[in-house]
Amino acid sequence: MTAKEIDSLLQTADPDRYLCALFAQTDQRAGLLALYGLNHELGRIADSSSESLIGEMKLTWWRDAVADLYATPQKVRRHDVTEGLAALTGQIGLADVSPMIEARFDDIAARPFTDLGDILAYVDNTAVCLARLALKSLDAADSVSDDTVLAAGRAWGLTGLLRAFPLRARIGRAPVGGDALGAVGATPAMLAQGLGEAKVAEARQGVIEAARAACERLAKAGPIPPEAVPAIGYCRLASTHLARLPANPYGLAPDINPLSRRLRLTWLALSGR
């Protein structure tokens, strides 16, 4: 996959992050898009792998490819994502990146979430981890508090899981805890079959409330500094996405109008709000 292909892929698959990345300095943009490309590559493995063994092999390839970047001498596998990440090893350590990869093995294993704390841990190791990596890649980690980064990542990560509920249910990783399902008389098995709409909607309410609380904390944090906008600015759109969730958890949420998205993110880049 070439840089141009990754660029085109992110425009379609991850437009909010992609548009925010365009506000980065030219010499920082390639590394930031490489991080977003890695996130996309990891995320789609569970979605596209019908066999868990194949998915594990793909994730292991990425785990090893990233580890190779920190070998002595450095080994850079021929992939535009790894080539882009190679330039970031001075700013980002292997321990910074590893949680984002390791968390995806549970997706491959189709391990149902046990409770809200389990869901939050997954989000912290994926969306929050990516936000921290992005800030480091821009040398902007000190421009926002860790509490703001946590709120931003959780707002985006939880909302993203809820938006992808139908797909996540099919792979056995719907964002709803087993304890919440049990409390309403539902089971993880029902999710994969798209059953129990009313019960599942009730069970996911705790996740919606957690996402809403994270959005509120992010809003109260005040303006986002210009240097941090490419890394976490898109998270301000989480509240809009959250408000568009359908009552039916198995339904698809409507996306934000492309023009509205551009105007909103442009205003964010200018004002920090």
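What comes next is a walk through the structure. (Residues numbered from 1 in each chain as written. Predicted model: local features only at pLDDT ≥ 70, side-chain atom pairs only at ≥ 80, totals over all residues. Heavy atoms only, no water.)

Focus on the nonpolar core
In step 1: Ranked by internal contacts, the top residues of the largest apolar core, which has 77 residues, are Y36, L38, L85, L135, L158 and I232.
In step 2: No other element matches helix α8 (residues 116-137), which puts 12 residues into this core.
In step 3: Not counting chain neighbours up to four residues away, the residues in contact with L85 comprise A34, L35, L38 and L69.
In step 4: One finds A169, V184, A186 and Y250 within the second-largest nonpolar core, a separate group that totals 12 residues. (Core = buried A, V, L, I, M, F, W, Y, C linked by side-chain atoms within 4.5 Å. Buried < 20%, exposed > 50% of the residue type's maximum accessible area, 1.4 Å probe, protein only. Helix = DSSP H or I, 4+ residues; strand = E, 2+ residues; numbered from the N terminus. Contact = heavy atoms within 4.5 Å.)

Some points on the layout of surface pockets
Take a probe with the size of a water molecule and roll it over the atoms, and the empty space left behind shows itself.
In step 1: By volume, the largest pocket amounts to about 980 Å³.
In step 2: Lining the largest pocket are 30 residues, and of these A13, D14, R17, G160 and A164 lie nearest its centre.
In step 3: Of all elements in the fold, only α1 (3-13), α2 (15-21), α3 (26-48), α8, α9 (146-163) and α10 (165-170) reach the threshold of two or more residues within the lining of the largest pocket.
In step 4: Of the residues assigned to the lining of the largest pocket, the class counts are 12 nonpolar, eight polar and 10 charged. (1 Å grid on protein atoms, 1.4 Å probe; cavity = no way out; pocket = protein on both sides within 12 Å on 5 of 7 lines; lining within 4 Å. Points joined across faces, edges and corners; volume = space filled by probe spheres on them. Nonpolar A, V, L, I, M, F, W, Y, C, P; charged D, E, K, R; others polar.)

Thoughts on the packing of α3 against helix α4 (residues 52-68)
In step 1: Contact pair α3 / α4: the axes reach a minimum separation of 9 Å and the direction vectors enclose 165°. In this view, α3 runs roughly antiparallel relative to α4, as classed from their interaxial angle. Pair α3 / α4 crosses with left-handed handedness. For the pair formed by α3 and α4, the contact residues are L38, E41, L42, I45 and S48 on the first element and G55, K58, L59 and W62 on the second.
In step 2: Residue classes in the contact of α3 with α4 are distributed as five nonpolar, two polar and two charged. (Axes fitted to C-alpha atoms, helices over the stretch in contact; angles between N-to-C directions. Parallel < 35°, antiparallel > 145°, perpendicular 65-115°, else oblique. Left-handed = near helix turned anticlockwise from the far one by under 90°.)

Thoughts on the side chain of R104
In step 1: Mapped onto the fold, R104 is located in helix α7 (residues 104-109).
In step 2: Residue class for R104 comes out buried when judged on its relative accessible area of 11%.
In step 3: In terms of polar contacts, R104 uses its side chain to reach the side chain of N39, at 3.4 Å.
In step 4: When neighbours within four sequence positions are excluded, R104 is seen to be in contact with N39, L42, G43, L59, Y122 and T126. (Polar contact = N/O pair within 3.5 Å; in protein donor to acceptor, adjacent residues only side chain to side chain.)

Let's talk about the environment of D14
In step 1: For D14, the position within the fold is in the loop between α1 and α2.
In step 2: When its relative accessible area of 10% is taken as the criterion, D14 is described as buried.
In step 3: Through-space distance from the C-alpha of D14 to that of L133 is 17 Å; in sequence the pair is 119 residues apart.

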